[in-house]
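# Coordinate inspection notes
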Amino acid sequence: MTLFFSLTLLVLISASATWSSKNDGKYLDSYSAGTAKYDSLLKAQSECPKRSDCGGITYEPSSKKFTLRRGVVLKDSTRSEISWVEEIECPATHPNVYYNGEYCCKSNKEKVNTPQGTKCDGSVIQRDSLCCAGNQHTRCPSGSCRSLCDCNNINGDDFEATDIKYDMDKKIVSALRPDLVVNKVLNNRGSRDLVVPLSQTVEVENTMEFSHTAGASVTAGTSFEVGVPGLGAAGVSLEISASYEFSSGESKTSRKSISVEFSCTAPPKKRVVCNALKRKDKVSIPYVMTWTHKRSKECSCKEEGVFKELVSQNIEMEVNEFDLNSKKIIRTKREEIFDLRTSE
């Protein structure tokens, strides 16, 4: 007996993932035509798909053989038999598996039927659920199905992002420490304003990312295209900008160089320190993204997360004015000299 279970473990690891796990105490009707008995599960699983009359495999303890069977419906065995059936995907019209793989539901929710407890409480349908919302179900064609709609395995081959909703009421915008772009000191000992023109090339870098927090699991690297909240002069708004392509789990960074021209002015008999500062904001906005299966509109999954962006906002001039022979600031003024959010 120990040898048998060691062998079973070995071949199960090697077997195709399209097969069900072993069903203890179950058998399938009737042998397949031709050679129907094999020494290993792996060999039986490789042969079964080649037969039009093979519905699954039953292990016979009496012969110690893995046998190809015509039946697809698991039946109770009195001889300690063990069976496997080839799992297929639920049809696109009913993409959600339940009742331990025997049925597929159109909805992704259970029906509420209190006597059956948590298996029928209206929650998200699972493989071991016993009820289907609205009784909109169909029997699995092979007797053992897996969900076409697997919200724990969102990937670019099967799913696409079809909608995103941002919760602007919960947005957080935080100002970061500004970067010093230019520092200019002027000592004006004359009787007229001293005006010095300045120019500087500014590197502008913006970084965006979608950070998953709950709901459907999206495979790292999965590509999707969505619009992001507008970040204009009026601040963060729900007006969606042009769409961008992203990859799940990765940030998207854009960089550009902008030439900025401005001037520093010192009044007569004054010393001024002109600081050109690049101001940046950190933006966080919760979102709910909808992923829809490419082959079944009945299959949609919700992913929750936080959209994050580090955005360069503007170039601001800070001017500190002093008496010529004093270190005490007489006055400070600030003004925006360049809006980086609207620059090309």
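Structure first, text after, so check above.
Residues numbered from 1 in each chain as written. Predicted model: local features only at pLDDT ≥ 70, side-chain atom pairs only at ≥ 80, totals over all residues. Heavy atoms only, no water.

## Here's the deal with the side chain of histidine 94
Applicable threshold: Numbering of helices and strands runs from the N terminus; a helix is a DSSP stretch of H or I covering at least four residues, while a strand is a stretch of E covering at least two. For each residue, the accessible area found with a 1.4 Å probe, counting protein chains only, is set against the maximum for its type, and the residue is called buried under 20%, exposed over 50%, and partly exposed in between. Note on contacts: a residue pair qualifies if any of its non-hydrogen atoms lie within 4.5 Å across the two residues.
Following the sequence through the fold, histidine 94 ends up in the loop between strand S8 (88-89) and strand S9 (96-98). Take histidine 94: its relative accessible area is 17%, and that puts it in the buried class. Among all residues touching histidine 94, those that are not within four sequence positions of it are Cys104, Cys105, Lys106, Gln136, His137 and Thr138.

## Things to note about the nonpolar core
Inside soluble globular proteins, nonpolar side chains tend to come together where they are buried. This is how the line gets drawn: The nonpolar core is taken to be a set of buried Ala, Val, Leu, Ile, Met, Phe, Trp, Tyr and Cys residues, with the residues joined through side-chain atoms within 4.5 Å.
Formed by 23 residues in total, the largest nonpolar core has its most connected members in Tyr166, Phe210 and Phe307. Elements represented by at least two residues in this core include exactly strand S13 (159-166), strand S16 (194-215), strand S17 (223-232), strand S20 (270-293) and strand S21 (296-323). Tallying contributions element by element places S20 first for this core, with five residues. Dropping the residues within four chain positions of it, phenylalanine 210 is found in contact with Ile164, Tyr166, Phe224, Val226, Val228, Phe246, Tyr287, Met289, Val306 and Phe307. One finds Val202, Ile258, Phe262 and Ala276 within the second-largest nonpolar core, a separate group that totals 17 residues.

## Considering the state of the cysteines
Disulfides are covalent bonds that link the sulfur atoms of two cysteine residues. The test is simple: Here, a disulfide means two cysteine sulfur atoms that sit within 2.5 Å of each other.
In the structure shown here, the tally under the stated rule is eight disulfides. The disulfide partner of cysteine 90 is cysteine 104, and the S-S distance across this bridge is 2.1 Å. Because the sign of the S-S torsion sets the handedness, a value of about -80° for the bond joining cysteine 90 and cysteine 104 places this disulfide among the left-handed ones. Here cysteine 90, found in the loop between S8 and S9, pairs with cysteine 104, found in strand S10 (residues 103-105); they are 14 residues apart in sequence, far enough to count as distant. Residue classification places cysteine 104 among the buried positions, given a relative accessible area of 0%. Bridging cysteine 264 to cysteine 274, the disulfide has an S-S length of 1.9 Å. Judged by the sign of its S-S torsion, about 80°, the cystine formed by cysteine 264 and cysteine 274 is right-handed. One end of the pair, cysteine 264, is in strand S19 (residues 252-266); the other, cysteine 274, is in strand S20, and 10 residues separate them in sequence. In this pair, the class of cysteine 264 matches that of cysteine 274, namely buried.

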